[in-house]
Amino acid sequence: MSKFNQERVLSVHHWTDTLFSFTTTRSASFRFRSGQSAMIGLKIDEDQLLRAHSLASGRYEDRLEFFSIKMPDCALTLRLQQLKEGDEIVVSRKATGTLIIDNLEQGRNLYLIGTGAGLAPFLSVIKDPETYLRFENVVLLHGCRRVAELAYGDMITEKLPRDELLGDFVRYQLIYYPTVTREPFFNRGRITDLIASGRLFSDLEMSELDPQHDRLMICGSPALVRDTRELLMAKGFVEGNDGAPGEFVAEKPRASMMRQAVKRLQPYSATSFR
C-alpha cells in the first residue's frame with residue numbers, strides 16, 4: 001500500500017516574492033498533532049521530489065495548509081511556488097516532528113519562537129484548544145527581515161479572536177509579538193537580541209525567562225535555532241524530545257527530518273514514490 005495520499009490543491013497565496021502558502025484537500029484517514037510536519041511531493045517528468053513541510057492547519061480542519069519559502073537551490077519549492085488550484089501533490093500518511101506540547105514539561109507560559117516560514121507549525125499550535133488548556137499565556141514571536149514578510153498577521157489579530165471555537169482562548173491568552181530587522185516597525189530587532197537585552201519582557205510586561213515556569217518551541221533559520229538553544233541552555237533550560245519532555249524543543253534540521261521520514265517510508269525513497 002502506498003505511504004502517500006494524493007491531494008488536490010484548493011488555493012494558493014503569494015505573500016511576497018519569497019513566501020507563499022497553499023491549501024489542499026485532506027484525506028479522511030490523515031491524522032497529525034499540532035506542530036508536526038509531513039512529507040509532501042511532486043512528480044516532475046521521471047523524477048519524484050519530496051521534502052518535509054510543517055502543517056499550518058488546525059488538526060481538526062478539513063483541509064491541509066502549508067507555508068513555505070521559495071528556495072532557489074530546492075527543486076521542489078521552485079515547483080511548489082508554481083502550483084495552481086486543481087493541481088495534485090502527494091502527502092505522506094504519517095506526520096512527524098518534535099514541536100508538540102507533549103514534548104514539554106508542565107509550565108505557565110509557552111513561547112513560540114519562529115522566523116520567516118518557521119511560523120508554520122505555530123499556526124497549528126495556536127489553533128489548538130489543548131494549547132490554551134495547558135498554558136496560561138501563549139506568546140507568539142515572529143521575526144522577519146521586512147514588514148511584508150509578517151504573513152498571517154491579520155488572521156492572528158483579526159480572525160482568530162472572532163473564531164467560534166478559539167475566540168475566548170485567543171483574546172485572553174494569546175500574545176502576538178511580530179518584529180522586523182531591516183525596516184521601520186514598532187518592534188525592531190532579532191528575537192534573540194530582544195530576549196538577551198530584556199526588551200522583549202519589558203514590552204510584554206512579563207518576567208524574564210525562567211526554567212521553573214516558561215516553556216519554549218523554536219522553528220526557523222539555523223542561526224535562530226542555534227542562537228536560541230545556546231541562550232536557553234546558558235539559562236539552565238533543558239531540551240526535550242520524543243519520550244523525554246523538557247523545558248524547550250527545537251526544530252530538527254530539514255535534512256535530518258527528511259532522512260528519518262524517508263527511512264520510515266521504506267521501500268520508498270526521497271526520489272521514488274508511487
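Model, not experiment: these values are computed from the prediction.

A. Spotlight on the sheet that holds strand β8 (residues 137-144). Taken together, the five strands give an open sheet; going across it, the order is β9-β8-β7-β10-β11, and neighbouring strands pair in parallel fashion. What marks the edges here is a single partner per strand, and that holds for β9 (174-180) and β11 (248-250). Across this sheet, the average inter-strand angle for adjacent strands is 10 degrees, counted without regard to direction. Of the strands in this sheet, β7 (109-115), β10 (214-219) and β11 are in contact with helix α8 (residues 222-234), which crosses β10 at around 160 degrees.

B. The nonpolar core, seen in detail. Membership of the largest hydrophobic core comes to 34 residues, with the highest contact counts inside it found for L110, L112, I126, L140, I156 and M217. Listing elements by their share of this core, those giving two or more residues are β7, α2 (120-126), β8, α4 (153-159), β9 and β10. Broken down by element, this core gets its largest block of residues, five residues, from α2. Setting aside residues no more than four positions away along its own chain, L110 makes contact with I101, L104, V125, T131, F135, N137, V138, V139, R215, L216 and M217.

C. Seen up close, the packing of aromatic side chains. For the structure shown, the criterion picks out eight aromatic pairs. Aromatic side chains F67 and Y152 sit 5.3 Å apart centroid to centroid with 80 degrees between the ring planes, which places their arrangement in the edge-to-face category. In this pair, F67 sits in strand β5 (residues 63-69) while Y152 sits in the loop between β8 and α4, placing the two residues 85 residues apart along the sequence. Overall, Y152 belongs to the buried group, its relative accessible area being 6%. Taken together, the ring pairs connect W15, F67 and Y152 into an aromatic cluster.

D. Fine view of the layout of surface pockets. The space that makes up the largest pocket amounts to roughly 960 Å³. Taken together, 41 residues make up the lining of the largest pocket; nearest its centre are T115, G116, A117, G220 and S221. For the lining of the largest pocket, the secondary-structure elements that each account for two or more residues are β4 (47-54), β5, β8, β9, α6 (191-197), α8 and α9 (254-264). The biggest single contributor to the lining of the largest pocket is α8, with five residues. The residue makeup of the lining of the largest pocket, split by class, is 17 nonpolar, 14 polar and 10 charged. For the second largest pocket, the calculated volume is near 330 Å³. Looking at the lining of the second largest pocket, the elements with two or more residues in it are β2 (19-25), β5 and α4. Per-element accounting of the lining of the second largest pocket gives the leading share, three residues, to β5.

How each quantity is defined
- Residues numbered from 1 in each chain as written.
- Predicted model: local features only at pLDDT ≥ 70, side-chain atom pairs only at ≥ 80, totals over all residues.
- Heavy atoms only, no water.
- Pairing = 2+ DSSP bridges.
- Helix = DSSP H or I, 4+ residues; strand = E, 2+ residues; numbered from the N terminus.
- Axes fitted to C-alpha atoms, helices over the stretch in contact; angles between N-to-C directions.
- Contact = heavy atoms within 4.5 Å.
- Core = buried A, V, L, I, M, F, W, Y, C linked by side-chain atoms within 4.5 Å.
- Buried < 20%, exposed > 50% of the residue type's maximum accessible area, 1.4 Å probe, protein only.
- Phe/Tyr/Trp six-rings, centres within 6.5 Å; stacked < 30°, edge-to-face > 60°.
- 1 Å grid on protein atoms, 1.4 Å probe; cavity = no way out; pocket = protein on both sides within 12 Å on 5 of 7 lines; lining within 4 Å.
- Points joined across faces, edges and corners; volume = space filled by probe spheres on them.
- Nonpolar A, V, L, I, M, F, W, Y, C, P; charged D, E, K, R; others polar.

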